[in-house]
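Listed below, chain by chain, are the residues.
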Amino acid sequence: MNQRPHVAVVGATGAVGIEMIQTLEKRNFPVGKLTLLASARSLGKNLKFRGDYHQVTELTKNSFKGVDIALFSAGGSISREYAPIAAQAGCVVIDNSSAFRMDNHVPLVIPEINAADIASHQGIIANPNCTTAITLIALYPLHRAFGCKRIFASSYQAVSGTGAKAIAELERQVEQVARGITVTPEVYPHQIAFNVLPHIDSFLPSGYTKEEMKMENEGRKIMHHPAFRASVTCVRVPVYRAHSVAVSAEFEKPVTVQAAREVLKAAPGLQVIDEPSKNEYPQPLYQAEQYDCAVGRIRKDCAMDNGLCFWVSGDQLLKGAALNAVQIGEALLEQFKSQPEPALAV
Ligand code: A2P
């Protein structure tokens, strides 16, 4: 792998794509060349990277010649169609969609948890679901220390998780309510302004949604914990940015608040904000645009043995998407650097 790789961003004009470009810049990712790809609708748009404007070009089957790393965030159907083409062209795809996450040949990675899995990739590496990523940043260190059997959780998910159109929908509806005119839902099935919707992704025959089952399915794969169980209710809330999750976790071993706090304080990518007497706890408003997630409201669960409750918030456009993808790219370069040079034939 070229240590100054040619990087492509697929879905560059979207809510996550924009964050990917900014995260590459802010983290000084050693981009040798940048290609920005979106639909024909975005032709003529220019996006800034390191002080220069880069033209957005249309995604086609030929977009990946010479590209080393492609960050995809243009939805599942685009990933399903173009990620294999990109991998075939020799680039490593880091895919933010759910298309390949549960594929046995595709590592599903949160670098703080299972960076070593990257080495087994065959051209595609998957970025986890945003709510799963934010939850596991706090849950995994507790699992390592106390052995997590199962969780019960409710999420409070920001509209930017649905994309740029949903941010515009919340803005429009807030104004419609303020002006006393008819509210027009387009992206969501119901009004999202001044409301909460216990409905994210499509419903399954079990009554859970697909989004809700990602926590158990992806959690098992990322934590290498096939017996992990998760009962989740995912809720869309009228928050612009950053998801929160209320978690009740049951452990194999007894767990005290003090011991849990020590574990969480030492965990990578996580701040502990937990001073109830000062009204201090994680809030999405303040987690927006932060790389680290934050955990608080840590307490013994009063309804189960070896149980712990906590509340975790994190910027889902960053740790739940763009930041995690760029961190995978960083780990990929690092792994390549540490590989021995192939012996020269004599
Ligand atoms: P475009 O802006 O040209 O429609 P979001 O999740 O915020 O809605 O963003 C989705 C991203 O995926 C955008 O960058 C969007 O580009 C891109 N996208 C959607 N459909 C296609 C397509 N058919 N080909 C390439 N990019 C697409």
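Since the structure is predicted, the reported quantities are computational estimates derived from the model, not experimental observations.

Draft legend 1. Unusual backbone geometry, seen in detail. The backbone of Asn-28 sits at a positive phi, close to 55°, despite the residue not being glycine. Here Asn-28 shows up in the loop between α1 (15-26) and β2 (33-38). A positive phi angle, close to 95°, is found at Ala-242, a residue other than glycine. Its place among the elements puts Ala-242 in the loop between β9 (229-236) and β10 (243-251).

Draft legend 2. Structural view of the domain arrangement of the protein chain. Once the domains are mapped, the protein chain shows domain 1 (6-99 + 321-338) and domain 2 (131-315). For domain 1 and domain 2, the distance between their C-alpha centres works out to 27 Å. Contacts between the two partners involve 7 residues from domain 1 and, on the opposite side, 6 residues from domain 2. Summed over both partners, the interface of domain 1 with domain 2 buries about 520 Å², with 56% contributed by carbon and sulfur atoms. On the domain 1 side of the contact with domain 2, Ala-15, Glu-19 and Leu-323 bury the most area, a combined 57% of that side's loss. Joining domain 1 to domain 2, the criterion identifies 1 salt bridge. Glu-19 serves as the salt-bridge partner of Arg-241, at 2.9 Å between the closest nitrogen and oxygen. Inspection of the region where domain 1 meets domain 2 yields 1 residue pair in polar contact (both at pLDDT 80 or more). With 4 residues, the single largest contributor to the side of domain 1 that touches domain 2 is α1.

Draft legend 3. Spatial organisation of the packing of aromatic side chains. One pass over the structure, following the stated rule, counts 3 aromatic pairs. With a centroid separation of 5.9 Å and an interplanar angle of 75°, the aromatic rings of Phe-146 and Phe-251 are classed as edge-to-face. Here Phe-146, found in helix α4 (residues 130-146), pairs with Phe-251, found in strand β10; they are 105 residues apart in sequence, far enough to count as distant. Residues Phe-146 and Phe-251 agree in their burial class; the two are buried.

Draft legend 4. Up close: the sheet that holds strand β1 (residues 6-10). Read across the sheet, 7 strands follow the order β3-β4-β2-β1-β5-β6-β7 without closing on themselves; strand pairing throughout is mixed. Looking along the sheet, the strands with just one partner apiece sit at the ends: β3 (46-49) and β7 (124-126). Taking each pair of neighbouring strands and ignoring which way they run, the sheet shows an average axis angle of 25°. With 5 bridges joining them, β1 and β2 adopt parallel strand pairing. The partner of Val-10 across the bridge, within β2, is Leu-37. Along the sheet, α1 makes contact with β1, β2, β3 and β5 (69-72), crossing β3 at roughly 25°.

Draft legend 5. Quick peek at the sheet that holds strand β12 (residues 293-300). Pairing is mixed in the open sheet, where 6 strands are placed in the order β9-β8-β10-β13-β12-β11. In the strand order of this sheet, the two ends are held by β9 and β11 (270-272), each with one partner. Neighbour to neighbour, the strand axes of the sheet diverge by 20° on average, direction disregarded. With 5 bridges joining them, β12 and strand β13 (residues 307-314) adopt antiparallel strand pairing.

Draft legend 6. Up close: the site of the ligand. Taken together, 15 residues lie near the ligand, and Thr-13, Ala-15, Ser-39, Arg-41 and Ser-42 sit nearest. Contact distances for the ligand include 2.5 Å between an oxygen atom and a side-chain N or O atom of Ser-42. When the ligand is considered free in solution it has 570 Å² of accessible area, and contact with the protein chains removes 71% of it. Among the residues forming the shell around the ligand, the class breakdown is 7 nonpolar, 7 polar and 1 charged.

Draft legend 7. Fine view of the nonpolar core. Phe-64, Leu-139, Ile-151 and Phe-310 are the most contacted members of the largest nonpolar core, which totals 55 residues. Here this core takes 9 residues from α4, the largest share from any one element. Taken together, domain 1 (6-99 + 321-338) and domain 2 (131-315) each give at least three residues to this core, which thus spans both. Residues within four places of Leu-139 in sequence aside, it is in contact with Cys-148, Ile-151, Met-223, Phe-228, Ala-249, Phe-251 and Phe-310. Grouped together as the second largest cluster of nonpolar side chains are 32 residues, Ala-15, Phe-49, Ile-118 and Ala-322 included.

Conventions we followed
Residues numbered from 1 in each chain as written. Predicted model: local features only at pLDDT ≥ 70, side-chain atom pairs only at ≥ 80, totals over all residues. Heavy atoms only, no water. Helix = DSSP H or I, 4+ residues; strand = E, 2+ residues; numbered from the N terminus. Domains from an automatic or database assignment. Contact = heavy atoms within 4.5 Å. Buried area = accessible area lost by both parts, 1.4 Å probe. Salt bridge = Lys/Arg side-chain N within 4 Å of Asp/Glu carboxyl O. Polar contact = N/O pair within 3.5 Å; in protein donor to acceptor, adjacent residues only side chain to side chain. Phe/Tyr/Trp six-rings, centres within 6.5 Å; stacked < 30°, edge-to-face > 60°. Buried < 20%, exposed > 50% of the residue type's maximum accessible area, 1.4 Å probe, protein only. Pairing = 2+ DSSP bridges. Axes fitted to C-alpha atoms, helices over the stretch in contact; angles between N-to-C directions. Near = heavy atom within 4 Å. Areas by Shrake-Rupley, 256 points an atom, 1.4 Å probe, with all protein chains shown as cover. Nonpolar A, V, L, I, M, F, W, Y, C, P; charged D, E, K, R; others polar. Core = buried A, V, L, I, M, F, W, Y, C linked by side-chain atoms within 4.5 Å.

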